[in-house]
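Examination of the molecular architecture
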Amino acid sequence: MTVQMHDPRAGSADIRVNGRVISEDSINREVQYHPAANLRTARRNAATALVVRELLLDEAERQGLSEITPEGDETREEAMIRELLDRNVDRPEPTEADCRQWFDANRDKLRTPDQHEVSHILLPAPPDDDELRDQARKQSKELIRQLREENASFLTLAREHSRCPSAEEGGHLGIIARGQTTPEFERALSRLPVGEVAEHAVESRYGFHIVLIHHRDEGRPLDFEEARPQIESYLVESVYRRGVSQYISILAGQAEIQGIDLDAATSPLVQ
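Worth saying up front: this structure is predicted, and the values here are computed from it rather than measured. Within any chain, residue numbers begin from 1 and follow the written order of that chain's sequence. Given that this is a predicted model, residues contribute local features only at a pLDDT of at least 70 and side-chain atom pairs are listed and counted only at 80 or more, while totals for whole chains, interfaces and linings are drawn from all residues. Computation of side-chain values covers all heavy atoms of the structure but excludes hydrogens and water.

A closer look at the packing of helix H4 (residues 96–105) against helix H8 (residues 224–253)
Short version of the rule: Angles run from 0 to 180 degrees between N-to-C directions of axes, and those axes are lines fitted to C-alpha atoms, restricted for helices to the stretch in contact. Numbering of helices and strands starts at the N terminus; helices are DSSP runs of H or I of at least 4 residues and strands are runs of E of at least 2. Every angle not falling under 35 degrees, over 145, or within 65 to 115 is termed oblique; those three ranges are roughly parallel, roughly antiparallel and roughly perpendicular. Throughout, a residue-residue contact means that at least one pair of heavy atoms, one from each residue, lies within 4.5 Å. Charged residues are taken to be Asp, Glu, Lys and Arg, nonpolar residues to be Ala, Val, Leu, Ile, Met, Phe, Trp, Tyr, Cys and Pro, and polar residues to be all remaining types, Gly included.
Where H4 meets H8, the closest approach of the two axes is 9 Å, and the angle between their N-to-C directions is 105 degrees. When the axes of H4 and H8 are compared, the pair comes out roughly perpendicular. Facing H4, whose interface residues are Glu96, Asp98, Cys99, Arg100, Trp102 and Phe103, H8 presents Phe224, Glu225, Ala227, Arg228, Ile231, Glu232, Tyr234 and Leu235. Here the contact of H4 with H8 is composed, by residue class, of eight nonpolar, no polar and six charged.

Considering the pattern of salt bridges
To be explicit about the condition: The rule for a salt bridge is simple: a side-chain nitrogen of Lys or Arg has to be within 4 Å of a carboxyl oxygen of Asp or Glu. Only protein chains enter the calculation, and the probe is 1.4 Å; a residue is then buried if its accessible area is under 20% of its type maximum, exposed if over 50%, and partly exposed in between.
Under the defined criterion, the tally for this structure stands at 26 salt bridges. Between Asp58 and Arg20 there is a salt bridge, with its nearest N and O atoms 3.2 Å apart. Note that Asp58 is positioned in helix H2 (residues 39–62) and Arg20 in strand E3 (residues 20–22), a separation of 38 residues in sequence. Classification of Arg20 as partly exposed rests on a relative accessible area of 39%. With a closest N to O distance of 3.8 Å, Asp134 and Arg137 form a salt bridge. Within this pair, Asp134 and its partner Arg137 are both found in helix H5 (residues 130–149), separated by three residues, close to a single helical turn. Taking relative accessible area as the criterion, Asp134 reaches 32% and is therefore assigned partly exposed. Salt bridges sharing common partners tie together Glu71, Glu74, Arg82, Glu83 and Arg87.

Overview of helix H3 (residues 76–88)
Just so we agree on the cut-off: Expected span of a helix, by definition, is 1.5 Å for each gap between consecutive residues, and there is one gap fewer than residues.
For H3, with 13 residues, the first-to-last C-alpha span of 18 Å sits near the 18 Å given by 1.5 Å per residue. All of the buried residues along H3 are Ala79, Met80, Ile81, Arg82, Glu83, Leu84 and Leu85.

Quick notes on the packing of aromatic side chains
Put simply, the rule is: Only centres within 6.5 Å qualify two rings of Phe, Tyr or Trp (six-membered ring in Trp) as a pair; their planes then separate them into stacked at under 30 degrees, edge-to-face at over 60, and tilted for everything else. Note on geometry: a ring has a charge over it if NZ (lysine) or CZ (arginine) is within 6 Å of the ring centre and within 35 degrees of the ring normal.
Evaluated as defined, the whole model comprises two aromatic pairs. Aromatic side chains Trp102 and Tyr234 sit 5.0 Å apart centroid to centroid with 45 degrees between the ring planes, which places their arrangement in the tilted category. Here the residue Trp102 occupies a position in helix H4, and Tyr234 occupies one in helix H8, the gap between them amounting to 132 residues. In this structure, Arg100 is placed above the aromatic ring of Phe224, and the distance from its NZ or CZ to the ring centre is 4.0 Å.

Brief notes about the side chain of His120
Using the following cut-off: For this analysis, a polar contact is any N or O atom pair within 3.5 Å, provided that within protein one partner can donate a hydrogen and the other can accept it, and provided that sequence-adjacent residues contribute only side-chain to side-chain pairs.
Within the fold, His120 resides in strand E4 (residues 115–124). Using a relative accessible area of 5% as the deciding quantity, one classes His120 as buried. At 3.1 Å, the side chain of His120 and the side chain of His209 are in polar contact. Discounting residues that sit within four places of it in the chain, His120 has contacts with Phe154, Ala158, Ser162, Cys164, Ser166, Gly171, Leu173, Phe185, His209 and Ile210.

Topic: the pairing of E4
As a reminder of what qualifies: Criterion used throughout: strands pair if DSSP finds at least two bridges between them.
Among the 10 residues in E4, seven count as buried, and that is most of the element. Bridge count between E4 and strand E7 (residues 207–217): 10 bridges; the pairing is antiparallel. Bridge pairing in E7 places His120 opposite Val211.

Rendered as structure tokens:
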């Protein structure tokens, strides 16, 4: 793989894959799908995804897959990449022994999901606006100080400052279960205290959330038969992702890539 580095910010110089330019406009359009802590990181992730996509499409065309029929809402390019990966990356089925070994090593992770009764104050800030995120971060610290040190009313501050529709209800979101919120917000709930405002705001793609958990119903451990479908799915996906990553590395090693260091790429279809 030939890699030429220019300015370390993705998009500051031409990015080319086998002579084809990844345009500024395409990076700007792609960046919305790669939320990150700052615009620089989001743009780099977007550029990397486009480079990987170009590598896969080049190889799909080389293998004569341009006439593949799309399925459902797929675009032609998505169908080409799907078929390419189906033909070149295995999805081995885990054995029962594989599943039991993983079960025994990860019993603490195999539980029914916790449920939380939650209120929050949302201070919105887009992931690509560093200045606004810094302002929201500072505001969240001040509101948390008022709530923890001055016993300010959560309901009142939520109605005054939150930019979520729940503000009308004093920030009350009701019972939150798995899959109902963004992954980063969901992951934070199980580690936050119950009955008091968390010391730090939860940062998400939408901004900063000042969180109050009213009640937590903890999940119960799963037995092997209950957990087996989940384990099988995880093991298949884990092996498949490694296979895709290795396949992309092979393609990258055969390509001429300029303008970006493609040191850790994954398929845009399996992120």
